Every structure is written in C-alpha cells, then in structure tokens.
Amino acid sequence: MGFDVAVIGSGPGGFYCALARAQAGLRTALVERDRLRGTGFRWGCLPVKIMLDSLRRGERWAGRRGASRARSARSALLADLRHSLPQIESHLNRRLTAAGVQIIVGEARLRGPREIEVGERRLETRAVVLATGSEPAGWPGVPLGGRTCLSHRDLLALPRLPRRLLVLGGDVEGIELACLLSRLRVRVTVVEKQPEILPGQDRDLVAPVEQALRASGVSLLTGCTVSGSRAGPSGLSVELADGRRLQAPAALLTGLRRPNLPEGLEAAGVRLAPGGATVAVDAALQTSCPDVYAVGDVNGLSGMAHAAIEQGLRVARTVAGAAGRGAAPPRAYTGLARALFTLPEIAGAGLQEREL
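Here is what the cut-offs are and how they apply
Residues numbered from 1 in each chain as written. Predicted model: local features only at pLDDT ≥ 70, side-chain atom pairs only at ≥ 80, totals over all residues. Heavy atoms only, no water. Helix = DSSP H or I, 4+ residues; strand = E, 2+ residues; numbered from the N terminus. Rg over C-alpha atoms; globule rule 2.2 N^0.38 Å. Buried < 20%, exposed > 50% of the residue type's maximum accessible area, 1.4 Å probe, protein only. Contact = heavy atoms within 4.5 Å. Areas by Shrake-Rupley, 256 points an atom, 1.4 Å probe, with all protein chains shown as cover. Lys, Arg positive; Asp, Glu negative; His and termini not counted. Charge placed at Lys NZ, Arg CZ, Asp CG, Glu CD. Pairing = 2+ DSSP bridges. Axes fitted to C-alpha atoms, helices over the stretch in contact; angles between N-to-C directions. Right-handed = clockwise from strand over helix to strand, strands pointing away.

1. Re the overall build of the protein chain
Secondary structure assignment for the protein chain yields nine helices and 19 strands. Relative to the 2.2 N^0.38 estimate, which gives 21 Å for 356 residues, the radius of gyration of the protein chain is 22 Å and therefore close to what a compact globule would have. For the C-alpha atoms alone, the extent of the protein chain along its principal axes is close to 60 × 45 × 40 Å. Burial analysis of the protein chain (356 residues in total) assigns 48% to the buried set. Put simply, of all contacts in the protein chain between residues at least 6 apart along the chain, 61% involve residues at least 24 apart. Total accessible area computed for the protein chain in this model is approximately 17,100 Å², and 50% of it derives from carbon and sulfur atoms. Put simply, the protein chain has 47 plus and 33 minus side-chain charges, and the middle of one group is 7 Å from the middle of the other.

Structure, rendered in structure tokens:
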C-alpha cells in the first residue's frame, strides 16, 4: 500500500505533522528507528522538567538531611518519572493510533524522492517529511564517550550520580541541569566561555538564577575556554586555556548538537545547506526536492521544540495542498517565546533589551 505522506522521526515536529495529516484523512506513515517520541521526550527536556517541577512543588523529602536526603530526593524524582512518562507516552500513542497513523519501526533510507526503505520493506509515498532531529556532539578536545564525558542522556542513565560534576557549558541545558543536580547534593562546577552564564538572556533575569546557584554551592567559572581533557582512573581532568586544570569524576558536555541526516539524501535529490551540517530548506520548509520537506533540528532554523511543532503543522498544511499558507522566512524565528526551567524560572517573548 502506498502513502500520501511518510514522516521520518517521531519527535515534536514529526509527531504533530503525522497526526495532523492522518486526522485530515491522508494515508500517513511514521517511521522511527528506535522508540517513539525522540530524544527530548526520553532523555532531554521532558524528564529534566518533570524533576525540576517536583522540586518546585515543595520537596517532599525536605525533612531529611545530608546523603540520606539526597538519596530520598533522587528516589522521589525517579518515581515521578516512572509514573509520568509512561502515562504521557500511552496518551500520545493512542492519539496516533486513533488517527490512523501507521507506525513503522526501523532505520529509514531514502531510495528516491518518493520511496523509503525500512529494513527489507519499501514504502512508496507522495511526500516525505524529514524530522530526524539531532544528537549530542563532543567539544573540540573533549569528545563524548566512556563514563567520564557525558551527554544529558548518559547522565540521566547513570545508576548513581557522581559526588562532583563539571558542567561544560553555561547555556540553558547546562544551567537547568546544574539547578537540578545541585539540589541533589552534587557539587557542580559550571565552565562557560562567555563572560556570563545563560548568554543572550537579559541580565536582570539571569541574576536571581545565578544567586540561587551559588547558594546551592555551584561554582561558576565564566570567561573560561576549555582547551583539552584527559580521562584517568580517578575521572576526568579538564584543561583551561589559562593553564588551570579542573578534576572531577565526570563532566557533562552541553550545547553542541549535530543533526541526524538520514541516508539516501543524494538519491532523493536533497541538498545540504552551506557547511553540510543541515538540510537546506526554503520558506515553506521544502528541500531542493519538491516532494521532500524538513522540519525541526535537521533544517537548522531553530532548536526549540515548539518551533519544530509549528514547522510540522505548517508542512502538514502544505502537503494537504495549502502550499505557502503560514509560511514564514527564517527571520520569523527571532524573538520566539522562550521558557528556561531554571530555579527560579525565566520566561519571555519577543526581542530583549539588548536587541532593542
């Protein structure tokens, strides 16, 4: 059986694109190489935010002290995850099934503009939507791998949190996790190459977050560039450009990600953007192949989940025949609504003071 649209990747952009097309009566396939929902759902934004929300709701374990309190806190937070994530996942799966989306598990390879290979199966489709997302990338001189240079996924999968942790990157991901881990009695040191943490945010909003971090025992090293690292029996040694060395059992690398480019782009006539890291798209999110679209991290326009959702819905309208409806040039991604799940939170929309 052929499909009207085949979506590759089940993260935010892919999920909502497939759902919208199926609800409109189009024969829709959703191809996922691993498990539905993507990185953000299982290992990124959602688990971290669920745990931070648990902390905000009052810290049920507040009466306990020291290591006992830390163990109790971690157990309670993990219990919240075990309770919440399956419920959310089940609800989202029911929505796809009820809408008639055919879910296909396996690695997708483009065989042409309208043909996808998944294992030994060939899918014919009128349109393809690339929603393959991205994955963590190592820093120059600090490659990911082993038990010492961790991505956020590696960190959340650890059976036991380290007593000390270097967070390399004072961006949103790094600071959100620093807020979480410091409340779990992990001694955190944040290293940021910019003069201030959370670069790009208004300083009057960042100041309370910085104050809360220091009160939780977090060390903030700003204006520091990492030049290299060395793993050893006792953990990781990180060298700074000024000659200082920092040591800890492990380091969390944040900020750098690389898009997941599916195989077979050339066969489908899909060109990459200058630099070759992302898929090139026009204002309607159409690639150089008229039948192939790209949404979310893989097109490099925005790394925000709500932007990926809007892109997925926009492509869903275009595939349905409403070409160009709601299309916006890349400059429309300036001043998007944003929420930082730090302790305390930061939120805003539109241009910031420094941009005006």
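2. Describing unusual backbone geometry
Excluding glycine, residues mostly have negative phi values, and the peptide bonds linking residues are mostly trans. Following Leu 343, the chain continues to Pro 344 via a peptide bond in cis, the omega torsion being 0 degrees. Position of Pro 344 relative to the elements: it lies in the loop between strand 18 (338–340) and strand 19 (346–348). A positive phi angle is found at Arg 185, which is not glycine, with a value near 65 degrees. Its place among the elements puts Arg 185 in the loop between helix 6 (172–183) and strand 10 (187–192). Phi at Leu 198 takes a positive value of approximately 50 degrees, unusual for a residue other than glycine.

3. A few points about the sheet that holds strand 9 (residues 164–168)
Sheet strands pair by backbone hydrogen bonding; their relative direction is either parallel or antiparallel. Taken together, the five strands give an open sheet; going across it, the order is 8-15-9-10-11, and neighbouring strands pair in parallel fashion. The open sheet is flanked by strand 8 (149–150) and strand 11 (219–222), the only strands paired with a single partner. In the packing of helix 6 onto the sheet, contacts are made with strand 9, strand 10 and strand 15 (251–253), and the angle to strand 10 comes to roughly 165 degrees.

4. Overview of the pairing of strand 2 (residues 28–32)
Among the five residues in strand 2, five count as buried, and that is most of the element. Where strand 1 (residues 3–8) and strand 2 come together, four bridges link them in parallel fashion. Residue pairing across strands places Ile 8 opposite Val 31, the latter belonging to strand 2. Handedness of the crossover is the feature at issue here: the chain leaves strand 1, passes through helix 1 (residues 12–23), returns alongside strand 2, and the resulting connection is right-handed.

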